[in-house]
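What follows is each chain in one-letter form.
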Amino acid sequence: MVFSNPPLTFVALVILSVARFAQPFSHRSITWLPSQHSQRYSNSFEVDMSIDEETSSASTPSKAFVVALTREMGKNDKLHEALLSSERIKKLKTLSEVSINIHEIPCIEHADGPDTLMLAPTLSSNQFDYVVITSPEAANVFASAWVQAGRPKLGVVAAVGKATGESLKEHGLDVGFVPSKATAETLVQELPLSDAAKIEGRVTTLLYPASAKAQDTLQNGLEGRGFSVTRLNTYDTVPASWTTDQLSLAESATVACFASPSAVKAWLKNTDAIDKPRAIAACIGETSASACRKLEWDESSIFYPEKPGIDGWVLSVADALESISSG
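Predicted, not measured: the structure shown is a model, and the values here were computed from it. Note that residues are indexed from 1 along each chain, following the sequence as it is written. Selection of residues for local features in this predicted model requires a pLDDT of at least 70, selection of side-chain atom pairs for listing and counting requires 80 or more, and totals for whole chains, interfaces and linings are taken over all residues. By convention in this description, side-chain values take in all heavy atoms of the structure and omit both hydrogens and water.

So, on to the overall build of the protein. Helix numbers and strand numbers start at the N terminus; a helix is a DSSP run of H or I with at least 4 residues, a strand a run of E with at least 2. Within the protein, the regular secondary structure consists of 13 helices and 13 strands. Buried means the residue's accessible area, taken with a 1.4 Å probe over protein chains only, is under 20% of the maximum for its type, while exposed means over 50%, and partly exposed covers the values in between. The proportion of buried residues among the 327 residues of the protein is 43%. Here, two residues are considered to be in contact whenever any of their heavy atoms come within 4.5 Å of each other. Pairs at least 24 residues apart make up 69% of the contacts formed inside the protein by residues separated by at least 6 positions. Note on areas: these come from Shrake-Rupley sampling with a 1.4 Å probe, and a residue is covered only by the protein chains present in the view. A total accessible area of about 17800 Å² is found for the protein, and carbon and sulfur atoms account for 53% of it.

Written out as structure tokens, the structure reads:
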């Protein structure tokens, strides 16, 4: 039997059923993570996209910044961790609604220098008043040769920079002198002549195991003060070869972190074909910043701390990011 007018009870049941499935959606949160790359560091900060209950409009970051870590593979960990824990960078992310991606894009690799094989015999047959080590890599090479030579007694070991000193200590070498600022110029000014050499009426002797690409600043400066400097080019730095993924990441880089002139030059060599403005340079210290200057970076795009080191380097990265976040 067909009803021309459905009973009220039936109509009520239909209305209740429709209402049950018509409840508004509650607030939900979606967390977006970018696709993984071959680099060991993927996106360091998650981007929260929230759908508002009333307006249903998505709120997404207005900018996305890419920070490139350019030290050799495996030696970017300390800077990476320090950037993640930086309160200034966290604040920038929150207040300016930006996402910050941190990627390892090594610019250099280390190789033997022309004097690598001479270092161990030199340590075995000579006694120097000083040994000057200017980088963690120089420390690693020196320590290996020192062990090979039978751990001979050394003069005072001078380390340029905190990281260099820590590397030497890890190898069981005592550090007897650290300049007030981690630069060759400061060491030249502050390293005292040997008291023993003065008493014996001879010149102060110094062994300088260096990078083949290191400038002559240290040896020329010390020789000008009366030191006798033996320089051995115990290692070299060569540009790293990039994968297609690394080149793509470099093309998107907002800030590139440099710890040496060699890294600066390698970055330019590998990005020569990229048709876009250069990344902002965040340098570990004045030496790398000077290299950027000489290679025609705009002065407003170079950031570096007064005293080299990881802490100051992180501040330089924050300064660089803040300088463009409002642009």
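Structure's up, so let's keep going.
Before going further, it helps to examine the pattern of salt bridges. What makes a salt bridge here is a side-chain nitrogen of Lys or Arg within 4 Å of a carboxyl oxygen of Asp or Glu, nothing more. By the definition in use, this model includes 12 salt bridges. Between D129 and R202 there is a salt bridge whose closest N-O contact spans 2.8 Å. In this pair, D129 is assigned in the loop between helix 4 (119-125) and strand 7 (130-133) and R202 in the loop between helix 8 (195-200) and strand 9 (205-211), connecting sequence segments 73 residues apart. For D129, a relative accessible area of 13% corresponds to the buried category. Accessibility expressed as a relative area gives 34% for R202, which makes it partly exposed. Because the salt bridges share partners, they merge into one network encompassing E72, K75 and E137.

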